[in-house]
There are 6 protein chains.
Amino acid sequence: DFLNALHEIIPAFGASTDDLERCRLNGMVECGGRNKHIYERAMLLVEQVKVSKGSPLVTCLLEGPSGSGKSALAATVGIDSDFPYVKIVSAEAMIGLHESTKCAQIVKVFEDAYKSPLSIIILDDIERLLEYVAIGPRFSNLVSQTLMVLLKRLPAKGKKLLVIGTTSEVGFLDSVGICGAFSVTYHVPTLKTDDAKKVLTQLNVFDDDDIDVAAEALNDMPIKKLYMLIEMAAQGERGGDSEAIYSGKEKIKISHFYDCLQDIVRY
Amino acid sequence: DFLNALHEIIPAFGASTDDLERCRLNGMVECGGRNKHIYERAMLLVEQVKVSKGSPLVTCLLEGPSGSGKSALAATVGIDSDFPYVKIVSAEAMIGLHESTKCAQIVKVFEDAYKSPLSIIILDDIERLLEYVAIGPRFSNLVSQTLMVLLKRLPAKGKKLLVIGTTSEVGFLDSVGICGAFSVTYHVPTLKTDDAKKVLTQLNVFDDDDIDVAAEALNDMPIKKLYMLIEMAAQGERGGDSEAIYSGKEKIKISHFYDCLQDIVRY
Amino acid sequence: DFLNALHEIIPAFGASTDDLERCRLNGMVECGGRNKHIYERAMLLVEQVKVSKGSPLVTCLLEGPSGSGKSALAATVGIDSDFPYVKIVSAEAMIGLHESTKCAQIVKVFEDAYKSPLSIIILDDIERLLEYVAIGPRFSNLVSQTLMVLLKRLPAKGKKLLVIGTTSEVGFLDSVGICGAFSVTYHVPTLKTDDAKKVLTQLNVFDDDDIDVAAEALNDMPIKKLYMLIEMAAQGERGGDSEAIYSGKEKIKISHFYDCLQDIVRY
Amino acid sequence: DFLNALHEIIPAFGASTDDLERCRLNGMVECGGRNKHIYERAMLLVEQVKVSKGSPLVTCLLEGPSGSGKSALAATVGIDSDFPYVKIVSAEAMIGLHESTKCAQIVKVFEDAYKSPLSIIILDDIERLLEYVAIGPRFSNLVSQTLMVLLKRLPAKGKKLLVIGTTSEVGFLDSVGICGAFSVTYHVPTLKTDDAKKVLTQLNVFDDDDIDVAAEALNDMPIKKLYMLIEMAAQGERGGDSEAIYSGKEKIKISHFYDCLQDIVRY
Amino acid sequence: DFLNALHEIIPAFGASTDDLERCRLNGMVECGGRNKHIYERAMLLVEQVKVSKGSPLVTCLLEGPSGSGKSALAATVGIDSDFPYVKIVSAEAMIGLHESTKCAQIVKVFEDAYKSPLSIIILDDIERLLEYVAIGPRFSNLVSQTLMVLLKRLPAKGKKLLVIGTTSEVGFLDSVGICGAFSVTYHVPTLKTDDAKKVLTQLNVFDDDDIDVAAEALNDMPIKKLYMLIEMAAQGERGGDSEAIYSGKEKIKISHFYDCLQDIVRY
Amino acid sequence: DFLNALHEIIPAFGASTDDLERCRLNGMVECGGRNKHIYERAMLLVEQVKVSKGSPLVTCLLEGPSGSGKSALAATVGIDSDFPYVKIVSAEAMIGLHESTKCAQIVKVFEDAYKSPLSIIILDDIERLLEYVAIGPRFSNLVSQTLMVLLKRLPAKGKKLLVIGTTSEVGFLDSVGICGAFSVTYHVPTLKTDDAKKVLTQLNVFDDDDIDVAAEALNDMPIKKLYMLIEMAAQGERGGDSEAIYSGKEKIKISHFYDCLQDIVRY
Ligand SMILES: Nc1ncnc2c1ncn2[C@@H]1O[C@H](COP(=O)(O)OP(=O)(O)OP(=O)(O)O)[C@@H](O)[C@H]1O
Ligand SMILES: Nc1ncnc2c1ncn2[C@@H]1O[C@H](COP(=O)(O)OP(=O)(O)OP(=O)(O)O)[C@@H](O)[C@H]1O
Ligand SMILES: Nc1ncnc2c1ncn2[C@@H]1O[C@H](COP(=O)(O)OP(=O)(O)OP(=O)(O)O)[C@@H](O)[C@H]1O
Ligand SMILES: Nc1ncnc2c1ncn2[C@@H]1O[C@H](COP(=O)(O)OP(=O)(O)OP(=O)(O)O)[C@@H](O)[C@H]1O
Ligand SMILES: Nc1ncnc2c1ncn2[C@@H]1O[C@H](COP(=O)(O)OP(=O)(O)OP(=O)(O)O)[C@@H](O)[C@H]1O
Ligand SMILES: Nc1ncnc2c1ncn2[C@@H]1O[C@H](COP(=O)(O)OP(=O)(O)OP(=O)(O)O)[C@@H](O)[C@H]1O
Ligand SMILES: [Mg+2]
Ligand SMILES: [Mg+2]
Ligand SMILES: [Mg+2]
Ligand SMILES: [Mg+2]
Ligand SMILES: [Mg+2]
Ligand SMILES: [Mg+2]
C-alpha cells in the first residue's frame, strides 16, 4: 500500500537523493485517500515511461494550496521510481541568479536527463522558478518560454523522461499556458477532518476525548500548517511543556490549542 | 490518396529530413476528411510555386488547437514536396537565445532558401518563435516584425519559396497582423467521433463492442491527447498490462479507459 | 493617359530604378478610375515641386488596405518623375537593425536628397518602418520622431524634395501624428466589381460567360489577392492545368474558382 | 505698426539670425488682428525684460494649431528684439540624439544665455523636443524635467532672459506641468475668413469676383495650409500654369481651387 | 511581567545589540495589553525554535500602522531571546544600493545565520526593503522573490532560525504573497484611550485634571506621534517652556496641546 | 513680529546663505496672517530641535500652490535658525544627473548634517527632486525610497536635524507615502484680497482709488504671479512707463492692469 511503498526506498545510482529527502524531512505519514490515489497514479506514469514505445516524454503537474504536500509527494515518487537520473529543479538553489542563468541551468538539467535512458525531473514550485508575483502580474517570460519548449521537446531515440511539476498557483500557470503543456494534472488538496484525524492519531498528542474536536477544527488545513500548529500548542501557555507532551506524559490542552489556532488563521 | 501519398516519401537532396521526421515520430495514420483536404490543398500550393511565373512567394498558415497534428502535416508536405531546400524553423533549436539572435537565424534560413530554385520553410509554432504569453500579452516584437517583412519580401528572379506556418494561437497572430500576412489559412481541427473511430480501429486496442463508446468519448480531442490516453489506459489499473494489449492478447478495459480519460480532461 | 504614361519610363540618372521596379514585378495594368486619378495628382505634385519657388518640400501619403497597389503606384510616380534622385526607404532593407541604426539610414537618405536639386523619397510601408504592432500598441518612437522632424525640415535653398509615404495603417499613423505631417493624403482603394472586370478582361482566363460573376465575386478585393486567387484557380482541381489556361487553351472552371475564393477569404 | 515693425530688422550682434530667418522663409505678410496683438504684447515683454529690476526671467508660450505661424512669430520677435543673444532650440538640429545629449545641449544654450546681459531663447515645438507621441502617451521625462527646472532657474545678478516657447500640443504640455511653468501664454489661431482675404489680396492670384468665396472656403485654415493650397491650385488642372499665374497674367480657376481644397482637407 | 522582562536584557554574544538598541532609543514603557500579549507570544516562538525537533524555521510577521512600535517590539524580542546570532536587516543600511546588491546582503545574513545553532533575523520595514511605492504599484521583484524563497528554505540539520518581519503595508505584502509565507502574523495596533493614559501617567507632563481629556484626544494615535506631540506641546506657545515641564515645575497647557494636535493631525 | 524677525538675519557660520538668499531675491514683505503663523510655528520646531532630548530628528513639510512663497519661507527659517549647518537641496543644482547620482548627493548632504550638532536641510520642490510628471504618473522611485529612509533615519547621539520640505504636489507626495513620513505639514496658501491689499500698499503703484478693486481682482493669486503682473502692468500699454511708475511719479492705469491680468489668467 501507499505507506509501505514510501518506506521501500531504494536509493537510485546517480540520483541526488539528498535533495529529494530534504522535501520530506519529517518523514511521510498517511494523510488521506486522495493523496494515496495521486501517488499510485504517478507511479503508473513512472511505469508507462519505462515500458512505452510511443511516448518518450510524459509530463505531470501536481497543483494545490501552499503546504498541502506537493513537493513531498513529488520527491517520494522520484525516490520510489528507481530511475538512474532523478533531479529536482528548485528556486532555492538559484536565489538571485539572472533569469538567463536560471534558464541555462534548467536546460542543463534536461540535457543531462536526455543522456540517461530513464529520467525524472521535478520542477518544484514552478511559480517561484518563474519569479511570479500577482501584482502586475510579473514573471520571467524567458523561463516561461524555456519551460514551454522543454515540456514539448522529445528526448532522442531510446531515452525516456518523466517531468513532474508542482505549483500552488495553478490559475497563473494556466493563463501563461504552462498548465496546458502538461499531459496530466492532479489536485493535491488540504486535509479534511477525517484526514486530520488520521494524522493526529499517529502523532498522539491529544486526549482521546479531544481528538475529534481538534480534527474538526483542522478541517481544510494544509498539512504544513497542522505541523506548525501542533508545535506551537505543544509549548503550553507559558512554554516548557513540549518535552512532556512529545514523550506522551502530558497532552495538549484543547483550550490552548484553540488559542494557537487563532494566531495561525487570523490572516 | 492521402495515406498512400504519405508513404511515397522521396528524401530530397539537401533537405534536413531528420528534423522533419521528428515531427511525426509515430508515423501518420488516416485521421479524417478535413486533414486529407488540407494535405491536398497544400500539395497544390507546392505545385503552384513550382510552375508559377507571377508568384515567386506563396505563404500558407495551418492553425488549430494544440496537438491537432499541424506540425506533422506541415512536415509531411515538406517531405512530399520533393523540393531541394526544405527547412523547419522551430523554437526547440533556439531555447534561451536572445531575440536578435533568433531573428538572425531566421533571416539566415530565408537567405539560404533564396539561393535554391525551389524551397519550403516551415515556421513551426509561430507563437513560440515570438515568445508569446497571453498575460500582458507579451511577445518579441523584433521577431514579429522580422516575420512580417520576410512574409512579404520576394525572392530574387527565378527563385521560388513556399512558407508554411503553424500556430495554435491564431487569435494572437491575427491581432499582431501576422495572420493577414499569409496568403491562405487552413484550420486543422480536433478529431470528431468518426475520425477517432478510424484511428482506434487502426490501433486495435479495444474490443469491437467498446470501440464505438470509446470513440464517442474521444469526440473533439486532439490526436496527441488520444495517443497519450491510449498509452495510459494500456497500462491497466495496476500496471504491467501494456505488452499484452499492444500484442493484441488483451484489450483495454473500458472502465479503466474512462478513469484515465478523467485524469486527462480534468483541466 | 495613365497606362501610356506608365510605359514612358525614362530611367533617371542616379535613381535606383531596380528597387523601384521590384515594386511592380508584374507590370502595371489599368485598374480603375480612382487609381488613375491619384497617379495624375501625384504627377502634378512632381511638377509643383519642380517649378515652385515657395515650397521646397512637398509631402504626400498614399494609404489604403493591404495589397491595394500603393507601393506599385508610388514606385511608378518615382520612375516617371524623371528626377535625378529617387530613393525608396523600405523595411526590407533594414531587417533586424536597431532602431537608431534605422534612423541613421533614413536621415542619410534625406541628406543625400538635400544635395540633389530635385529628389523623391518613398517611405514605403511606414508602419513597418516604425515596427508597429497593434497590441499595446508598440512602435519605435525614435523612428516616429525622426520622420516627424524630417517631414517638416526644409531642404537648403535651391533644393526641392517630394516625399511619398505609403501605409495600410492610416489610423495608427493618424494617432501618432505622422498623418498630419503630410500635406496631402490619397486613399488607394480595393477593386470594385467594375475594376475587377477590367483586370480579368486583360488577363483573359475566364469564359466570357463567367467573367461577370467572377468580377462580382471579386468586389472589394485588393489587387494582390486577385492575382493570388487567379494563380490558385489556374492550377485546376488536381493541379497541372495552369499552362493550358495561361496559353489560352483552357479557361478556369468557375466552380473551382469559387472553391479557391473560399480558401482565401476564410480569414 | 505690425508690418512695418517686421521690416525694421536690425540684425543683433552674435544672434544666429540665419536660423531665425529660416522660420519665415516666405517673409511675413499681415494676417489678422490677433497675430498683431500677440506680436505687440511679446515686444512689451522684450522691453520689460530689458528695464525690469525684479524679474530677470520672463517666460512666454505661443500655442496654437499646427502651421498657424507660431515659429515665424517667435523668430520675428527674436529678430526684432535687438538682444545680443538670440537662440532657437529646435528638434531639427537634434535628430536621433539620445535624450541626455539633447538635455546637455539645451542646458548649454541656457548657460550661454546667462553670460549675456540680455538674451532670448526660443524653445521651438516643445512637444517635438520632448519626443511626444499621443499613444501611451510617451515622451522624454528627462527633457521635460530639464525644461521645468530651466523655466524657473533665475540667471545670475544683472543678467536677463526671455524664453519663448511654441507648441501645437498645449493640452499635453499642460498635463505634464510645462504649461504652468510659463508666466504668460498666447493662443495663435488659424486664419478667419477676413484674415484669409487679407492674405489672398496680397498674393493677387484670384479674380476680384472669386476672392470672397475663396476666402470663405479658407476660413479656419492655418496659414501653412493656405500657402500649400495656393501652390497646388496655381499649377492648373493639367500643370504648367503657375508661371502665368504668379506673373499675374492668369488667375486661378475657382473650380480647380475647390478640387485642390478637397485633396487637402480630406483628412 | 512584560515591563520587567524588558529590563532583564542579557546582551547575547555576537549579537549586534547596538543596532537593536537604536530601535528603542527612548526605552520601553508599558503601553497596553495587546502589545504585552504579542511580546509574550513572540517569546514563546523563541522557545519553540529552541526546543523543537520538527520545525527548524519559524517565521513571524508584526504588522500595524506606521509608528505603532513594531520595530521596537521586534528588537526587544531579539535582545531578550538570548540567541547567539541576532541580526536586523534594514533599508537604512542599504540606501541607494542596487536591488541585486541588496539581495546579496540579505542572503549573506541568512547564510551567516545558518552557521549559528540559534538565530533571529529581523526583516525590518519589509515594504522599504522591497522599495515599495503605492503608485503603480512598484517594488523590487528581485528582493520579493528572494525573501519568499528564504522564508521557506530550511537551515541545515541542527540549526534553528526565527525570522521576525515588520511592516506597515500588510495589504501590499499580502498581494505579493509574502504575508502568506509567514507562519504567524500579529497586528500591532495604535494606542487606545486607556493605553494613552497609561503612557501619559508615566510621562507626568499634564495636570491630573487634564490627563483624561488629553488621553481621550490621543485615542487611536501611534506611540511615535504621541511622543512628537508631547515634545511640541512642551515647548509652550512662545517656546522656552520645555525644561520647566520636563523637570515637573510646570505642566503642559491643555489648550496649547490641542493647538499642536491640530498641526499633527491635519493630514 | 514676523517682519522684524525676517530682518534680524544673523548669517550662520558654515551655512550656505547665498543659496538661501537666492530664494527670496526681492526681499520679504508681510503677506498675511497665515504665512506669519507658519513662520512662527516653524521657528518653534527650530527651538524644539535645539533643546529636545528625545527627538533628534524633526521633519516638516510646507505645501501649497506653485508660487505661493514656500521656498522663500523655508529659506527664511533656515537663515533665521542660527544653526551652524543649513543646506538647501534643489533640482536646480542637479539638472540632467542620473537618479543614482542625485541620491548620492542627497545622502551626502544628510551625512554632512549628521556631523554638525544642529542642522537644517531644506528639500526644495520635492516633486522636482523626484522628477515627477503627472502623466503615468512617472517619478524616480530611487529618489523616493532614499528620501523615505532618510526622513526616518535618526542622527547619531547628540546630533540634531530639522528637515523642511516644500512641494506644490502634495497629493502626489501623499500617494507615494512621503507626506506621511513628515511629522508636521503646513499649507502655504495663495493671497486673499486682504493679503493682496497689504502687498499692494507696500508696493505703492496704484492710485488710492484703485487699490481696492485691484486687490479684489488679485484674490486667490500666488504672490509670484502678483509680482509678474505688476511688472507687466507697470510697462504701460505702449511700454516705457515703468520708471515713472516705480519712482512714484505715475500710477498703473487700472484698465491696463485688467488687460494684463487677462493675459496671465487665461490658462
Ligand atoms: N504525507 C506526509 N507526511 C508527513 N509530512 C508531510 C507529508 N506531506 C507533507 N509533509 C510535510 O509537510 C510540509 C509541507 O509539505 P510540502 O513542502 O511538500 O508542501 P507543498 O505543497 O510543496 O508546499 P508549498 O506549496 O509551500 O511548496 C513539509 O514539511 C513536509 O515534510
Ligand atoms: N495523422 C497522424 N497520424 C499519426 N500520428 C499523428 C498524426 N498527426 C499527428 N500525429 C501525432 O500527434 C502528435 C501531435 O501532432 P503535432 O505535434 O503535429 O500537433 P500540433 O498541432 O503541431 O501540436 P502543437 O500545437 O502542440 O504544436 C505528434 O506526436 C504526432 O506525431
Ligand atoms: N496597376 C497594377 N497592375 C498590375 N499589378 C499591380 C498593379 N498595382 C499593384 N499591382 C501588383 O499587386 C501587388 C500588390 O501591390 P503593392 O505591393 O503595390 O500593394 P500595397 O498596397 O503596397 O500592399 P501592402 O499594403 O501590402 O504594402 C504587387 O505584386 C503589384 O505588383
Ligand atoms: N505672417 C506670415 N506671413 C507669411 N508667411 C507666414 C506668416 N506666418 C507664418 N508664415 C509661414 O507659414 C508657414 C507656417 O508657419 P510656422 O512654421 O511659423 O507655423 P507653426 O505654427 O510654427 O507650425 P508648426 O505647429 O507646424 O510648428 C511657414 O512657412 C511660415 O513661413
Ligand atoms: N513601548 C514603548 N515604549 C516607549 N517608546 C516606544 C515603545 N514602542 C515604541 N516606542 C518608540 O516609538 C517610536 C516608534 O516605534 P517604532 O519605530 O518601533 O514603530 P514602528 O511601528 O516600527 O514604526 P514604522 O512603521 O514607522 O517603522 C520609536 O521612537 C520607539 O522608540
Ligand atoms: N513674503 C514675501 N515677500 C516678498 N516676496 C516674496 C515673499 N514670498 C515669496 N516671495 C517671492 O515670490 C516668488 C515666489 O516665491 P517662492 O519661490 O518661494 O514660491 P514657491 O511656493 O516656492 O513656488 P514654487 O511652487 O514654484 O516653488 C519669489 O520670487 C519670492 O522671492
Ligand atoms: Mg513545495
Ligand atoms: Mg506543432
Ligand atoms: Mg506596399
Ligand atoms: Mg513651428
Ligand atoms: Mg519600524
Ligand atoms: Mg519653491
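Residues numbered from 1 in each chain as written. Chains lettered and ligands numbered in written order. Predicted model: local features only at pLDDT ≥ 70, side-chain atom pairs only at ≥ 80, totals over all residues. Heavy atoms only, no water.

### Comments concerning the interface of chain E and chain A
Each partner contributes residues to the interface: chain E has 35 residues there, and chain A has 32 residues. If you sort the residues of chain E by the area they bury against chain A, Arg41(E), Gln48(E) and Gln145(E) come out on top, with a joint share of 17%. Between chain E and chain A we count three salt bridges in total. For the salt bridge of Arg41(E) with Asp263(A), the shortest nitrogen-to-oxygen distance reads 2.6 Å. (Contact = heavy atoms within 4.5 Å. Buried area = accessible area lost by both parts, 1.4 Å probe. Salt bridge = Lys/Arg side-chain N within 4 Å of Asp/Glu carboxyl O.)

### Observations concerning the site of ligand 5
What surrounds ligand 5 is a group of 20 residues, the closest being Val29(E), Lys70(E), Ser71(E), Ala72(E) and Lys152(F). Near ligand 5, residues from chains E and F are present, making the site a shared one. With respect to ligand 5, the backbone of Ala72(E) contributes an N or O atom lying 2.7 Å from an oxygen atom. Secondary-structure elements contributing two or more residues to the shell around ligand 5 are α4 (70-81) and α11 (223-234) of chain E. Residue composition of the shell around ligand 5, by class: eight nonpolar, seven polar and five charged. (Near = heavy atom within 4 Å. Polar contact = N/O pair within 3.5 Å; in protein donor to acceptor, adjacent residues only side chain to side chain. Helix = DSSP H or I, 4+ residues; strand = E, 2+ residues; numbered from the N terminus. Nonpolar A, V, L, I, M, F, W, Y, C, P; charged D, E, K, R; others polar.)

### Quick word on the interface of chain A and chain B
In this complex, chain A contributes 35 residues to the contact, which on the side of chain B involves 32 residues. Summing both partners gives a buried area of about 3,000 Å² for chain A against chain B, and 53% of it is carried by carbon and sulfur. Counting across the interface, chain A meets chain B through three salt bridges. For Lys152(A), the salt bridge identified is with Asp125(B), shortest N-O distance 2.8 Å. Linking chain A with chain B are 14 residue pairs in polar contact (both at pLDDT 80 or more). Among the secondary structure elements, those contributing two or more residues to the side of chain A that touches chain B are α3 (33-51), β1 (57-63), α7 (141-150), α8 (170-176) and β5 (184-187) of chain A. Here the side of chain A that touches chain B is built from residues that sort into 16 nonpolar, 12 polar and seven charged.

### Some remarks on the sheet that holds strand β3 (residues 118-123) of chain A
Residues and elements named next belong to chain A. Sheet architecture is open: five strands sit in the order β2-β3-β4-β1-β5, paired in parallel fashion. At either end of the open sheet lies a strand with only one pairing partner, and these are β2 (85-89) and β5. Averaged over all adjacent pairs, the angle separating strand axes in this sheet is 15 degrees, with direction ignored. Pairing of β1 with strand β4 (residues 160-167) involves seven bridges; the strand directions are parallel. Each residue of the ladder has a partner; that of Val58, found in β4, is Leu162. Running at roughly 170 degrees to β2, helix α5 (residues 99-115) makes contact with β2, β3 and β4 of the sheet. (Pairing = 2+ DSSP bridges. Axes fitted to C-alpha atoms, helices over the stretch in contact; angles between N-to-C directions.)

### What about the relation of the copies chain A and chain B?
At an RMSD of 0.0 Å, chain A and chain B line up after a rotation of 60 degrees and a shift of 0.0 Å along the axis. In symmetry terms, the pair is related by a six-fold rotation axis. Using C-alpha coordinates, one finds that chain A approaches the rotation axis most closely at Gly136(A), a distance of 8.8 Å. The two copies present different faces, since only 3% of the interface residues in chain A are matched by interface residues at the equivalent positions in chain B. (Least-squares fit on C-alpha atoms with pLDDT ≥ 70 in both.)

### Details of the relation of the copies chain E and chain A
Superposing chain E onto chain A takes a rotation of 60 degrees combined with a translation of 0.0 Å along the rotation axis, leaving an RMSD of 0.0 Å. When the interface residues of chain E are mapped onto chain A, a mere 3% of them again lie at the interface, so each copy presents a different face.

Treat this as a map of the structure, not an account of what it does.
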